[in-house]
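Summary of structural features
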Amino acid sequence: PSSDARQALTLRAEAERLVVVDKSSHTAALLFIKDAKTIKRNITEHWQRITRAVDEMKTNLLNLKRQDLEPVERAIALVEDRALAYQREEDRRVREEEDRRRRDAEREANERRERELAEQERKALEHEAQSADLSEREELFVTHIVLGDSALVAARQARFKDPAAAASRLMKTAKILAAISGRQRARELRQQAEAIKAQPLDVVTAKPVERQVGKVSGTRTVVTYSAVVDDADKLIDAVCKGDAARSVVMPNVVELNAQARQLKDAGLFAAAFPGCRLVKHEGIAG
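Rules of the game
- Residues numbered from 1 in each chain as written.
- Predicted model: local features only at pLDDT ≥ 70, side-chain atom pairs only at ≥ 80, totals over all residues.
- Heavy atoms only, no water.
- Salt bridge = Lys/Arg side-chain N within 4 Å of Asp/Glu carboxyl O.
- Helix = DSSP H or I, 4+ residues; strand = E, 2+ residues; numbered from the N terminus.
- Buried < 20%, exposed > 50% of the residue type's maximum accessible area, 1.4 Å probe, protein only.
- Core = buried A, V, L, I, M, F, W, Y, C linked by side-chain atoms within 4.5 Å.
- Contact = heavy atoms within 4.5 Å.

Applying the stated criterion across every chain, the model contains 16 salt bridges. Of the charged contacts in the structure, one is a salt bridge between Arg100 and Glu97, with a shortest N-O distance of 2.5 Å. Of this pair, Arg100 and Glu97 both sit in helix 2 (residues 23–128), three residues apart, which is roughly one turn of the helix. Residue classification places Glu97 among the buried positions, given a relative accessible area of 19%. When the shortest N-O distance is used, the salt bridge between Arg122 and Glu119 registers 2.5 Å. On the criterion of helical spacing, the pair formed by Arg122 and Glu119 is a turn pair, its members being three residues apart in helix 2. Owing to a relative accessible area of 38%, Arg122 belongs among the partly exposed residues under this scheme. Classification of Glu119 by relative accessible area gives partly exposed; the value is 30%. Several salt bridges converge on common partners, so that one network encompasses Glu97, Arg100, Arg101, Asp104 and Arg107.

As structure tokens, this is what we get:
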């Protein structure tokens, strides 16, 4: 311990007894402050002499530690960059291959649908071909029957002279019945084709692409995020406009203290820096 420490023990008691009421007691207070600060400096210097060696040793140890770690950290960073670069390239390859497989599966599904629709249309045309030898009025009669009209209405629409008799005769005629059946079946096939078109493509899920990356127990890829301020003024302008959160900036207390020392006036300081207050602290140097 410092030899001045014994004096320090009595300072608190002396300070509590000291009362400043006149010139003489004020002088005594100033002398007390001067002597107490001298004791403080002596104790501080005493411990600085003792801790200097420890501080220097700590600095040297940290330097030695840094020298030992630096080549290892450089080696880790070098290989880590290469490993991550490979992983990124492999991820890109996997994404591109999976995209290619997806496109191929969609193309195959679309081709299957087109073949199915073409087959539906071919069958529909075959059924419609059953009425190829009908007359113009018979064609019109069949068309209205397929649309849902009654035989009598269909005969009228086809402009037969005796619609009732024509309707009865036509609905017993084999070629008319075959044409109606064929047309109805063709209509059903085309409705089915429209329903198929409205359905989503039945894409066969492609086999996942295997990532060609190594695995070592105890290692894993981690992602961390941090921020770098490239243009402080631009950020501050955004905060002022309300486009960025206020929490991303904080007052520069060092600069505010410098401004306070320069202005030395609470009113001027508050006017220049809203939300801030100048604090005046008086002390006695010695």
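In this structure, Arg159 takes a positive phi of about 65 degrees despite not being glycine. Mapped onto the elements of the fold, Arg159 is located in the loop between helix 4 (151–157) and helix 5 (163–170). Phi is positive for Lys264, which is not a glycine, with a value near 60 degrees. Along the polypeptide, Lys264 turns up in the loop between helix 8 (253–263) and helix 9 (266–272).

Formed by 15 residues in total, the largest nonpolar core has its most connected members in Phe141, Val142, Ala155, Phe160 and Ile176. Elements that contribute at least two residues to this core include exactly helix 3 (136–147), helix 4, helix 5 and helix 6 (174–198). The element that contributes the greatest number of residues to this core is helix 3, accounting for four residues. With near-sequence residues (within four places) excluded, Ala155 lies in contact with Phe141, Phe160, Pro163, Ala166 and Ala167.

These results come straight from atomic positions and should not be treated as a statement about function.
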